[in-house]
Amino acid sequence: MNQQKSIKLIECPRDAMQGIHDFIDTDLKAAYINLLLQVGFDTIDFGSFVSPKAIPQLRDTAEVLAKLDMSTTRSKLLAIVANLRGVKAAVQHPEIHQLGFPFSISETFQMRNTNSTIAASLDTVKQMLELCSRHDKTAVVYLSMGFGNPYGDPWNEEIVLNWAEVLVGLGVKILSLSDTIGVSSPERIKAILPGMIQTFHQVEVGVHLHSTPETRVEKIQAAYDSGCFRFDSALKGFGGCPMATDDLTGNLATEDLIWFMESQGEKLALNMEKWKAAVQLSSQIFLNSN
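Residues numbered from 1 in each chain as written. Predicted model: local features only at pLDDT ≥ 70, side-chain atom pairs only at ≥ 80, totals over all residues. Heavy atoms only, no water.

### A few points about the overall build of the protein
Thinking step 1. Secondary structure assignment for the protein yields 11 helices and 10 strands.
Thinking step 2. Taken over C-alpha atoms, the radius of gyration comes to 17 Å for the protein, in line with the 19 Å a tight globule of 290 residues would show.
Thinking step 3. When the backbone C-alpha atoms are referred to their principal axes, the protein occupies close to 45 × 45 × 35 Å.
Thinking step 4. For the protein, buried positions account for 56% of its 290 residues. (Helix = DSSP H or I, 4+ residues; strand = E, 2+ residues; numbered from the N terminus. Rg over C-alpha atoms; globule rule 2.2 N^0.38 Å. Buried < 20%, exposed > 50% of the residue type's maximum accessible area, 1.4 Å probe, protein only.)

### A word on the sheet that holds strand β5 (residues 138–144)
Thinking step 1. Strand order in this closed barrel of eight strands is β1-β2-β3-β4-β5-β6-β7-β9, and the pairing throughout is parallel. Across the sheet, the mean angle from the axis of one strand to that of its neighbour is 30°, orientation sign disregarded.
Thinking step 2. Of the strands in this sheet, β4 (98–104), β5 and β6 (174–178) are in contact with helix α7 (residues 157–170), which crosses β5 at around 165°.
Thinking step 3. Across the sheet, helix α10 (residues 254–263) touches β1 (8–11) and β9 (230–233), and the angle it forms with β9 is around 150°. (Pairing = 2+ DSSP bridges. Axes fitted to C-alpha atoms, helices over the stretch in contact; angles between N-to-C directions. Contact = heavy atoms within 4.5 Å.)

### A few points about the side chain of Ser282
Thinking step 1. Within the element layout of this structure, Ser282 appears in helix α11 (residues 272–287).
Thinking step 2. Note on Ser282: relative accessible area 1%, which makes it buried.
Thinking step 3. Apart from residues no more than four positions distant in its own chain, Ser282 is found in contact with Tyr32, Leu235, Lys236, Phe238 and Leu287.

### Notes on the pairing of strand β7 (residues 204–208)
Thinking step 1. Burial of β7 is extensive: five of the five residues sit out of reach of the surface.
Thinking step 2. Both faces of β7 are covered, namely the face carrying Glu204, Gly206 and His208 and the face carrying Val205 and Val207.
Thinking step 3. Two strands pair when backbone bridges link them, and β6 and β7 are joined in this way by five bridges, in the parallel orientation. Paired with Ser178 across the bridge in β7 is His208.

### Structural notes on helix α6 (residues 118–134)
Thinking step 1. A rise of 1.5 Å per residue sets the reference length of α6, with its 17 residues, at 24 Å; its end C-alpha atoms lie 24 Å apart and thus fit the reference within 8%.
Thinking step 2. Three or more residues of α6 are buried, namely Ile118, Ser121, Leu122, Thr124, Val125, Met128, Leu129, Leu131 and Cys132.
Thinking step 3. Two residues or fewer after α6 comes Asp136, characterised by a positive phi angle close to 60°. (Expected span 1.5 Å × (residues − 1).)

These figures capture arrangement, not role.
Structure representation (structure tokens):
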């Protein structure tokens, strides 16, 4: 059992839905997220303020937000942004607690993902931190390509730590190490995470891992053993990186994460009836979508 800090589970319906081709009705999205808000997760990664051309599925994020009931939930809302325009839009909503920005240590992927160089993205992070401070929000920076790079750009553990140091130096308080394409392994997780967590002990270091169903639990185990207490996941492992070559590579499955944490004696205090209701409703979103 993790004796230092309580486990934080970040449920990611945004990541699960964003790659679905058929548009999901706004009311259905809101009903699903409203159920997830009642489960008791630390944070719900619910939507994104990005170009509708880039992610058409999430073009209704503001409309979904207006339909969410925040009156009884203990969960925080997180929205993804990819540029300064998105940041400025997201901070206008008082219901949003956190803004997430994907910062890649791969120049190639940063251009593909946000149409921005690393240098320009670093400037976006600086301005995001300033706007978050002004509007009482918290910035979450995803260190994308944190476990490997398929594009031929330089990658090693030292590069990962160096970029983490730069971001922490700017004032980032939550860093989520992202396995963008599912290349992490227990060995690589254990090689990177403990040093990062120890070096940046004042920062909340989390993981956003992608995995095939067979390797989910061993990756969770490796991160947990490394001292990680912030985990991103999605119901049934839906979503993940659309560029992964393996169709089975998706997000960590929340049910696997819940099972593992409870097996370690962690007290999650989740409303499992609401969770079961969310699982049931999810079939309307995912199983009938392309």
